[in-house]
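An overview of the molecular structure
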Amino acid sequence: QVQLVESGGGLVQAGGSLRLSCAASGGTGRTYTMGWFRQAPGKEREFVAAIRWLLSYADSVKGRFTISRDSAKNTVYLQMNDLNPEDTALYFCAARNSGLSPNSYEYAYWGQGTQVTVSS
């Protein structure tokens, strides 16, 4: 059974940076697509970034966020720079055993989320 555990969230001022981590266990290999999604209060869950052999980003985070993966550690990272209050959300790590996708319903495995709060 695939398990995902996120960490690294917190409170940061606008313009600051955070790095989120997602530790995976239970069989996710390089063939898995790993994604980051976020959900703000009262809003739908939205795609942030994904990685398999290629990378994909939401337009709202391009140039500010970087997704990466350390296969030896079974860990995926989301480096977030130049944060603004609109980035405030609960950030989720997700996995699917297929190609890149921005659709949350196509991901079978989810972590519990880590809160990111950006103050102005």
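Here the structure is a predicted model, which means the values were calculated and not measured.

**Regarding a nonpolar patch on the surface**
- Together, Trp-53, Leu-54 and Leu-100 make up a nonpolar patch on the protein surface, roughly 350 Å² of accessible area in all.
- With respect to the element layout, Leu-100 can be found in the loop between strand 9 (89-96) and strand 10 (109-110).

**A closer look at the sheet that holds strand 8 (residues 75-80)**
- If you walk across this open sheet you meet the four strands as 1-3-8-7, and the pairing is antiparallel. Every other strand in the sheet has two partners, leaving strand 1 (3-7) and strand 7 (65-70) as the edge strands with one partner each. On average, adjacent strands in this sheet sit at an angle of 15 degrees to one another, irrespective of strand direction.
- Looking at chain direction, strand 1 and strand 3 (residues 18-25) are connected through five bridges and run antiparallel. Residue pairing across strands places Ser-7 opposite Ser-21, the latter belonging to strand 3.

**Thoughts on unusual backbone geometry**
- Positive phi is not limited to glycine here, since Asn-74 has a value of about 50 degrees.
- Within the secondary structure layout, Asn-74 lies in the loop between strand 7 and strand 8.
- When its relative accessible area of 36% is taken as the criterion, Asn-74 is described as partly exposed.

**A closer look at the pattern of salt bridges**
- One pass over the structure, following the stated rule, counts four salt bridges.
- The salt bridge partner of Arg-38 is Asp-87, with a shortest N-O separation of 2.9 Å. With Arg-38 in strand 4 (residues 33-39) and Asp-87 in the loop between strand 8 and strand 9, the pair connects residues that are 49 residues apart, well separated along the chain. In terms of burial, Arg-38 and Asp-87 fall into one category: buried.

**Some details on the state of the cysteines**
- Applying the stated rule across the entire model yields one disulfide.
- Linked covalently through their sulfurs, Cys-22 and Cys-93 form a disulfide whose S-S length is 2.0 Å. On the S-S bond that ties Cys-22 to Cys-93, the torsion sits near -75 degrees, and the link is left-handed. Placement of Cys-22 in strand 3 and of Cys-93 in strand 9 is noted, with a sequence separation of 71 residues between them.
- Its relative accessible area of 0% is what places Cys-22 among the buried residues.

**A word on the packing of aromatic side chains**
- All chains considered together, the criterion is met by five aromatic pairs.
- Summarising the aromatic geometry, the rings of Phe-37 and Tyr-107 are spaced 5.1 Å apart at their centres and angled 75 degrees between planes, so their arrangement reads as edge-to-face. Highlighted residues: Phe-37 in strand 4 and Tyr-107 in the loop between strand 9 and strand 10, separated in sequence by 70 residues.
- Above the plane of the ring of Trp-110 lies Arg-45, whose end atom (NZ or CZ) is 4.7 Å from the centre.
- Its end group placed over the ring of Tyr-107, Arg-96 keeps NZ or CZ at 5.8 Å from the ring centre.

Criteria and cut-off values
- Residues numbered from 1 in each chain as written.
- Predicted model: local features only at pLDDT ≥ 70, side-chain atom pairs only at ≥ 80, totals over all residues.
- Heavy atoms only, no water.
- Patch = residues over 30% accessible without salt bridge, like charges linked within 9 Å, V, L, I, M, F, W, Y side chains within 5 Å.
- Areas by Shrake-Rupley, 256 points an atom, 1.4 Å probe, with all protein chains shown as cover.
- Salt bridge = Lys/Arg side-chain N within 4 Å of Asp/Glu carboxyl O.
- Helix = DSSP H or I, 4+ residues; strand = E, 2+ residues; numbered from the N terminus.
- Pairing = 2+ DSSP bridges.
- Axes fitted to C-alpha atoms, helices over the stretch in contact; angles between N-to-C directions.
- Buried < 20%, exposed > 50% of the residue type's maximum accessible area, 1.4 Å probe, protein only.
- Disulfide = S-S within 2.5 Å.
- Phe/Tyr/Trp six-rings, centres within 6.5 Å; stacked < 30°, edge-to-face > 60°.
- Lys NZ or Arg CZ within 6 Å of the ring centre and 35° of its normal.

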